[in-house]
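Chain by chain, the residues:
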Amino acid sequence: MLQKISIHKLTLGMYVEQIETAQSPTRMTKPGYVRRPETIQKLKQCGVNYVWVDADQILDINEIQYKGALYQGKYASTGADIDKARALIDSSKQQLSRLLNDIYANKAIDVAPLEALGSDIVDNIFERQHAIAWISGIRDKSAYLMEHSLNVAFLLVSFGRHLGFDHATLQELAVGGLVHDIGKVLVADEVLNKPGKLTAEEFDHMKLHQVFSQPVLDSIPDLSQIARDVSLMHHEKLDGTGYPNGLKGEALHTIGRMSGIVDIYDALTADRCYKRAMSPSEAFKIMMGLTPFHLDPNLLRAFIQCIGFYPVGSLVELADGRVGLVWQENLDDLTRPVVKLFYSVRSHRFREVEYIDLAKRHDLRIARATSETALDINVDAFR
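Here the residue numbers are simple positions, counted from 1 along each chain's written sequence. The model is predicted, so local features are restricted to residues of pLDDT at least 70 and side-chain atom pairs to those at 80 or more, both for listing and for counting; the totals for chains, interfaces and linings are taken over all residues. By convention in this description, side-chain values take in all heavy atoms of the structure and omit both hydrogens and water.

Colleague: Is there a simple way to explain the side chain of Arg257 in this structure?
Modeller: Only DSSP runs of H or I with at least four residues qualify as helices, and only runs of E with at least two residues qualify as strands; both kinds are numbered from the N terminus onward. Looking at the element boundaries, Arg257 is found in helix α10 (residues 254–268). Here a polar contact is recorded for every N or O atom pair within 3.5 Å, except that within protein the pair must consist of a potential hydrogen donor and a potential acceptor, and residues adjacent in sequence are included only if both atoms are side-chain atoms. One polar contact links the side chain of Arg257 to the main-chain carbonyl oxygen of Gly249, over a distance of 3.0 Å. Only 2.6 Å separates the side chain of Arg257 from the backbone oxygen of Leu252, close enough to count as a polar contact.

Colleague: Just checking my understanding: could you explain the packing of aromatic side chains for this structure?
Modeller: The geometry of an aromatic ring pair comes down to the distance between the two centres and the angle between the two planes. By convention, a stacked pair of Phe, Tyr or Trp rings (six-membered ring in the case of Trp) has centres within 6.5 Å and planes under 30 degrees apart, an edge-to-face pair has planes over 60 apart, and any other such pair is tilted. This structure, assessed with the given rule, holds 9 aromatic pairs. Where Tyr343 meets Phe350, the ring centres are 5.0 Å apart and the plane angle is 65 degrees; that geometry is what we call edge-to-face. Only protein chains enter the area calculation, which uses a 1.4 Å probe; residues under 20% of their type maximum are buried, those over 50% are exposed, and those in between are partly exposed. We classify Phe350 as partly exposed; its relative accessible area is 38%. Taken together through their ring pairs, the aromatic side chains of Phe159, Tyr265, Phe284 and Phe303 make up a single cluster. Over the face of the ring belonging to Tyr50 we find Lys4, whose NZ or CZ atom lies 4.6 Å from the ring centre. In this arrangement the basic side chain of Lys207 is found over the ring face of Tyr243, its NZ or CZ atom lying 5.4 Å from the centre. Note on criteria: charge over ring means Lys NZ or Arg CZ within 6 Å of the ring centre, with the direction from the centre no more than 35 degrees off the ring normal.

Colleague: Would you explain the pattern of salt bridges in this entry?
Modeller: A side chain of one charge can pair with a side chain of the opposite charge when the charged atoms of the two come close. We define a salt bridge as a side-chain nitrogen of Lys or Arg found within 4 Å of a carboxyl oxygen belonging to Asp or Glu. By the definition in use, this model includes 12 salt bridges. The salt bridge partner of Glu354 is Arg322, with a shortest N-O separation of 3.0 Å. In this pair, Glu354 is assigned in strand β8 (residues 349–357) and Arg322 in strand β6 (residues 322–328), connecting sequence segments 32 residues apart. Accessibility classification places Glu354 together with Arg322 in one group, the buried group. Two residues, Asp363 and Arg361, come together in a salt bridge whose shortest N-O distance is 2.8 Å. It is possible to trace a salt-bridge network through shared partners that takes in Glu250, Arg257 and Asp296.

Colleague: Is there a simple way to explain the environment of Leu299 in this structure?
Modeller: Take Leu299: it is sitting in helix α12 (residues 297–307). Along the backbone, Leu299 and Arg257 are 42 residues apart, and their C-alpha atoms lie at a distance of 7.8 Å. If we ignore the near neighbours within four places in the chain, the residues touching Leu299 are Phe159, Leu163, Thr254, Arg257, Met258 and Ile261. Should any heavy atoms of two residues lie within 4.5 Å, those residues are counted as being in contact.

Colleague: Explain helix α11 (residues 280–288) here, please?
Modeller: Owing to its 3.6 residues per turn, the α-helix aligns residues three or four sequence positions apart on the same side. Inspection of α11 places Pro280, Ser281, Ala283, Phe284 and Met287 among the buried residues, and these make up the whole buried set. Around the axis of α11, the buried residues are gathered within 155 degrees of arc, so they sit on the same side. Elements that come into contact with the buried residues of α11 comprise α10, α12 and β9 (366–369). The arc in question is traced by the directions running from the helix axis to the C-beta atoms.

Colleague: Can you walk me through the side chain of Ser149 in this structure?
Modeller: With respect to the element layout, Ser149 can be found in helix α5 (residues 144–162). A relative accessible area of 5% means that Ser149 is categorised as buried. With near-sequence residues (within four places) excluded, Ser149 lies in contact with Leu96, Gly177, Leu178, His180 and Asp181.

Colleague: Before we go on, may I ask you to explain the sheet that holds strand β5 (residues 315–318) in this structure?
Modeller: In sheet architecture, strand pairing relies on hydrogen bonds along the backbone and comes in two forms, parallel and antiparallel. Two strands pair if DSSP finds at least two bridges between them. Strand order across the open sheet formed by 5 strands is β8-β7-β6-β5-β9, with antiparallel pairing between neighbours. Lying at the two open borders of the sheet, with one neighbouring strand each, are β8 and β9. Taken pair by pair, the neighbouring strands of this sheet meet at an average axis angle of 30 degrees, ignoring direction. Comment: axis = line fitted to C-alpha atoms, over the contacting stretch for helices; angle = value between 0 and 180 degrees taken between N-to-C directions.

This is the structure we're talking about:
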């Protein structure tokens, strides 16, 4: 709630929205917190008599000092990791593009570049998992097949690491993620990119991508069985109603069950031309409804623990109406991460960037997960 106060009552920690001189009120071009005494002095020198402050937002001295430490301390070092993550994803897209073009042209497929890329993915997940989550969250709707394949690879490696798999298995999972939808290259474009619900006939054609995958996978020398299983099992279901082989119960082993969970999660949290992206928490609620008949409930719980209820890079709204990106997880309480705030649903305006550690601010809480589509904003500049 905005309140008008005298400039002489303005103190450190207040959030200034508007100022008033003897001439007229003026909305601040960059509203924000007063963090230094020099700011108050400068306003007085400029002839400001009154200010409008947001009474719902105020920082104490400790919070002001803490924010400065956040900017210059532990989070500043993530810049290099984000650059490396971005370089990996860019090179991965180039490699995937070459692979898809070779398949479309019916050229021989070499597994060596895929294995090298898989190894790079595993190494980066171990070294900079959060940076990977940030960058892979920036999706290109026009390149969904590549984005989806790459994200499934990253998610499978993270999931496998959480479950304690060895490095060699993680690398095979990464390769499996990269090729898991390889048959879609041969699906008719008008079906693959249709902006709406598929007819029964179109859905039957779409399901053929699993049939199309088989000979492509067979043509890749030395492709591991784990990578093949990721590709051929990610649409199978525990009750036998999946495809292409209708595997049921124990016939659908752990790798196949994992790939189904990851594929569904990434599809639900992707923005497509015909649907908005779900938040991770929304996706998890839907997926819990698919247990125990389609998805393995124990593995799904493990995946939720691995990803986090509010994963790094996801968009959340606090109870006071401020919105931001989850910046870092709090392993002791996944519901109280560090959040990078920059928008308000109350004013419908972008605000000064602020980092809040919810583990240290028990007066604040996350009200809900949200999305760019729901808010009608673009947040790429804040990632």
